[in-house]
Amino acid sequence: KLPYAEPFRIKMVEEIRQSTREEREQWLKDANYNLFNLKSSQVFIDLLTDSGTGAMSDRQWGALMTGDESYAGSRSFEQLQNAVEKITGFKYLLPTHQGRAAENVLFSVLVKEGNVVPGNSHFDTTKGHIEFRKAHAVDCTIDEAFDINDLHPFKGNINLEKLEEIYKSHPKENIPFCLITITCNSSGGQPVSLENMKAVRELSNRYGIPVFFDSARFAENAYFIKKREKGQENRSIKEICKEIFSYGDGMTMSSKKDGLVNIGGFIALNSEEIFRKASNFTIIYEGFITYGGMAGRDMAALAVGLDEATEFAYLESRISQVEYLGNKLIEYGIPVQKPIGGHAVFIDSLNFLPNVSRAEYPAQTLGLEIYKEAGIRTVEIGTLLADRDPETRQNRYPKLELVRLAIPRRTYTNNHMDYIAAGIKNVYERREEISKGYKITWEPDLLRHFTVQLEEA
Ligand SMILES: Cc1ncc(COP(=O)(O)O)c(/C=N/[C@@H](Cc2ccccc2)C(=O)O)c1O
């Protein structure tokens, strides 16, 4: 038996450059201690996000050259429509410029003030688009997801009792849909099992509630089903994807993740009625319904990307690299969410920095220390991202206070993974000295983590 190796070779490279610790300390000060404000030239290894940061293949670059920029009826739209239907089975497609735009269009049709939208953990913009409409996102994820050492293979699963509790305590007109996020980003890139999706579908049918998927990392979810769920090991990724989507009425997609492109999103669904209504919002917010904020060439590249992303060999190499980094950190004794997620390793900053009070944002503190140490940019998935309670305006302290190391697709080598692990180990060895965190000097009303400004506490 031979080990796996990447099912691709590299044909283009982009230079990255190291800096000095002194430079980085100054740059952080200039950035108001918000890693989003760093220039890319100030970052050696960029793990801020796996969204739109991956490498396209030569076939995708080729598709760019033959994109059809017709305003209506583009050939590239048809190519994308065929790819989406082949993989998901959904008949109607509305392209958008990215995932939150798909949420904006779909939720403009389905989400009304006072509504309740249950599911597993809704991610930041998805929750933002629900709360922006004065509706409530309710997290019904299983409890095991919040214990980083529990090895439950599907920590993205929905707790059916919690979900049924919601269905029983609200009239169905007040629950526009149940949203299943695959994989579940906020709980650590954790997958949802087919069995759970099927059970959610059956329960929702009993109460007459539609089911939608937030599908940003659906291919990685399918990979975990194939690897971990009994009876799935001999099925192709594409077969598993088809079954996944058979349990939903539709999906939103950030193509910047498992679409393997740098920009793009879409809505796909089966209901002609919702498609008609959503089309109006697409025309208002995005563009005509056969391009929706995407260039023809980007739709052509996305059609190829969806096909590549749903191939086992690609997923095995992508996910094995994340696992490789996760296992190195575990070897160093660093507390991380387990099992290792599909797109990222999530460090438990409460365990890592016990001397930093929660009110001083320990995950942000750790992210800044990792950048100072090694020029690696990460992101906080904790109290800053959780935003304030819309009513009380108090901080909402989530169960998990995480630093996410999101690994871009087909971009870094395992030498970079070794470098990342070594940099974090250095911080871990001096963790006792870190006792002061940060405080907010300015924040916006919504989705504050992108633009918040901080200073040393
Ligand atoms: C499950 C899920 N659903 C929808 C969307 C919106 O899609 P879009 O509008 O971004 O295309 C996202 C975006 N996720 C980005 C957001 C982010 C966070 C921190 C730093 C940079 C970017 C990420 O997780 O990295 C998502 O994860």
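It should be emphasised that the depicted structure is a prediction, and the values quoted were computed from it without experimental measurement. (Residues numbered from 1 in each chain as written. Predicted model: local features only at pLDDT ≥ 70, side-chain atom pairs only at ≥ 80, totals over all residues. Heavy atoms only, no water.)

### A word on the domain arrangement of the chain
- Assigned domains within the chain: domain 1 (21–50 + 312–456) and domain 2 (58–309).
- Centre-to-centre separation of domain 1 and domain 2, based on C-alpha positions: 26 Å.
- On the side of domain 2, 42 residues touch domain 1, which itself brings 34 residues to the contact.
- Summing both sides of the interface, domain 1 and domain 2 together bury roughly 3000 Å²; the carbon and sulfur share of this comes to 60%.
- When the buried surface of domain 1 facing domain 2 is broken down by residue, Phe312, Leu315 and Pro339 rank first, second and third, together holding 18% of it.
- Taken together, the connections running from domain 1 to domain 2 amount to six salt bridges.
- Salt-bridge contacts for glutamate 308 lead to arginine 410; the nearest nitrogen and oxygen are separated by 2.9 Å.
- The interface formed by domain 1 and domain 2 holds 19 residue pairs in polar contact (both at pLDDT 80 or more) in total.
- Among the secondary structure elements, those contributing two or more residues to the side of domain 1 that touches domain 2 are α12 (312–331), β9 (344–348) and β12 (402–406).
- In terms of residue count, α12 provides more of the side of domain 1 that touches domain 2 than any other element does, six residues in total.
- For the side of domain 1 that touches domain 2, a count of residues per class yields 17 nonpolar, six polar and eleven charged. (Domains from an automatic or database assignment. Contact = heavy atoms within 4.5 Å. Buried area = accessible area lost by both parts, 1.4 Å probe. Salt bridge = Lys/Arg side-chain N within 4 Å of Asp/Glu carboxyl O. Polar contact = N/O pair within 3.5 Å; in protein donor to acceptor, adjacent residues only side chain to side chain. Helix = DSSP H or I, 4+ residues; strand = E, 2+ residues; numbered from the N terminus. Nonpolar A, V, L, I, M, F, W, Y, C, P; charged D, E, K, R; others polar.)

### A closer look at the pattern of salt bridges
- For the coordinates displayed, the defined rule picks out 36 salt bridges.
- In this structure, arginine 206 and glutamate 164 form a salt bridge, with 3.4 Å as the shortest nitrogen-oxygen distance. Here arginine 206, found in helix α7 (residues 194–207), pairs with glutamate 164, found in helix α6 (residues 160–169); they are 42 residues apart in sequence, far enough to count as distant.
- Classification of arginine 206 by relative accessible area gives exposed; the value is 60%.
- Its salt-bridge partner being glutamate 369, residue lysine 372 comes within 3.2 Å of it at the nearest N-O pair. Here lysine 372 pairs with glutamate 369, and both are found in helix α14 (residues 362–374), just three residues apart, close to one helical turn.
- By relative accessible area, which is 12% here, lysine 372 ends up buried.
- When its relative accessible area of 8% is taken as the criterion, glutamate 369 is described as buried. (Buried < 20%, exposed > 50% of the residue type's maximum accessible area, 1.4 Å probe, protein only.)

### Looking at the packing of aromatic side chains
- Across all of its chains, the model carries 16 aromatic pairs by this definition.
- Ring geometry for tyrosine 223 and phenylalanine 312: centres 5.5 Å apart, planes at 25°, overall stacked. Here tyrosine 223, found in helix α8 (residues 218–228), pairs with phenylalanine 312, found in helix α12; they are 89 residues apart in sequence, far enough to count as distant.
- For phenylalanine 312, a relative accessible area of 27% corresponds to the partly exposed category.
- Between phenylalanine 352 and tyrosine 428 the ring centres are 4.9 Å apart and the planes differ by 70°, which places this aromatic pair in the edge-to-face class. Of this pair, phenylalanine 352 sits in helix α13 (residues 349–352) while tyrosine 428 is found in helix α16 (residues 414–429), placing the two residues 76 residues apart along the sequence.
- A relative accessible area of 0% means that phenylalanine 352 is categorised as buried.
- On the basis of relative accessible area, tyrosine 428 is assigned to the buried category, the value being 16%. (Phe/Tyr/Trp six-rings, centres within 6.5 Å; stacked < 30°, edge-to-face > 60°.)

### Some details on the sheet that holds β9
- Overall, antiparallel pairing links the three strands, which are arranged β9-β12-β11 in an open sheet. Each edge of the open sheet is held by one strand with a lone partner, namely β9 and β11 (379–381). Taking each pair of neighbouring strands and ignoring which way they run, the sheet shows an average axis angle of 35°.
- Sheet topology places β9 next to β12; five bridges connect them, and they run antiparallel. Bridge assignment links aspartate 348 to a residue of β12, and that residue is leucine 402.
- Each of β9 and β12 is contacted by α12, which is oriented at about 25° to β9, the strand it contacts most.
- Of the strands in this sheet, β9, β11 and β12 touch α14, which is tilted by about 45° from β12. (Pairing = 2+ DSSP bridges. Axes fitted to C-alpha atoms, helices over the stretch in contact; angles between N-to-C directions.)

### What about the site of the ligand?
- The environment of the ligand is made up of 22 residues, and the closest members are Thr49, Arg100, Asp214, Ser254 and Arg404.
- For the ligand, an oxygen atom lies 2.6 Å from a polar atom in the side chain of arginine 100.
- For the ligand, a nitrogen atom lies 3.1 Å from a polar atom in the side chain of lysine 257.
- For the shell around the ligand, the secondary structure elements donating two or more residues are α4 (99–110) and α5 (124–131).
- Per-element tally for the shell around the ligand: the top contributor is α4, with three residues.
- Within the shell around the ligand, the residues separate by chemical class into five nonpolar, ten polar and seven charged.
- When residues of the shell around the ligand are assigned to domains, at least three map to each of domain 1 (21–50 + 312–456) and domain 2 (58–309). (Near = heavy atom within 4 Å.)

### Things to note about the pairing of strand β7 (residues 250–254)
- Counted residue by residue, β7 has five buried out of five residues, so it is predominantly covered.
- Residues Gly250, Thr252 and Ser254 point to one face of β7 and Met251 and Met253 to the other, with burial holding for every one of them.
- Direction of pairing for strand β6 (residues 211–214) relative to β7: parallel, over a ladder of three bridges. Across the sheet, phenylalanine 213 pairs through a bridge with methionine 251, a residue of β7.

### Notes on the side chain of asparagine 104
- Residue position: asparagine 104 is located in helix α4.
- A residue is classified by how much of its surface remains accessible, and asparagine 104, at 16% relative accessible area, is buried.
- A polar side-chain atom of asparagine 104 sits 2.7 Å from a polar atom in the side chain of arginine 133.

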